[in-house]
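Each chain, letter by letter, is given below.
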Amino acid sequence: MRERIMRVLQSVNPKFDKHWDVDFLEEGLIDSFEIMNIIMELEQEFAVEIDPELILPENFCSLEAMETLIGQIAGK
């Protein structure tokens, strides 16, 4: 799953190739527009629907956070 999420992130922003272990928001790697693109790409890649109430900064601030979020949604 991690590799698939990394590919999604790189497709949205190529800067991700060197910054996997930082807080994406604090480092300015993604903004709100890119989060929306990431959400759409993740939904397509994993055939899931991310509920609007789950669109919180803490769910998209790191690779690990996104992995946890997708795991929880896919596991339902």
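Criteria and cut-off values
Residues numbered from 1 in each chain as written. Predicted model: local features only at pLDDT ≥ 70, side-chain atom pairs only at ≥ 80, totals over all residues. Heavy atoms only, no water. Salt bridge = Lys/Arg side-chain N within 4 Å of Asp/Glu carboxyl O. Helix = DSSP H or I, 4+ residues; strand = E, 2+ residues; numbered from the N terminus. Buried < 20%, exposed > 50% of the residue type's maximum accessible area, 1.4 Å probe, protein only. Arc of directions from axis to C-beta. Contact = heavy atoms within 4.5 Å.

Peer 1: Honestly, the pattern of salt bridges in this entry has me stumped. Any pointers?
Peer 2: Opposite charge on two side chains makes pairing possible when the charged atoms of those side chains draw close. Summed over all chains, the structure comprises 2 salt bridges. Ionic pairing is found between R2 and E67, a salt bridge with its closest N-O pair at 2.8 Å. One end of the pair, R2, is in helix α1 (residues 2–12); the other, E67, is in helix α3 (residues 63–74), with 65 residues separating them in the sequence. What makes E67 partly exposed here is its relative accessible area of 23%. Two residues, E45 and R4, come together in a salt bridge whose shortest N-O distance is 2.8 Å.

Peer 1: When you look at α1 in this model, what are you seeing that I'm missing?
Peer 2: Residues three or four positions apart in an α-helix share a direction because the helix packs 3.6 residues into each turn. For α1, the set of buried residues is I5, V8, L9 and V12. For α1, the angular spread of the buried residues around the axis is 95°, confining them to a single face. Residues of α1 that are buried in the fold lie against α2 (32–46) and α3.

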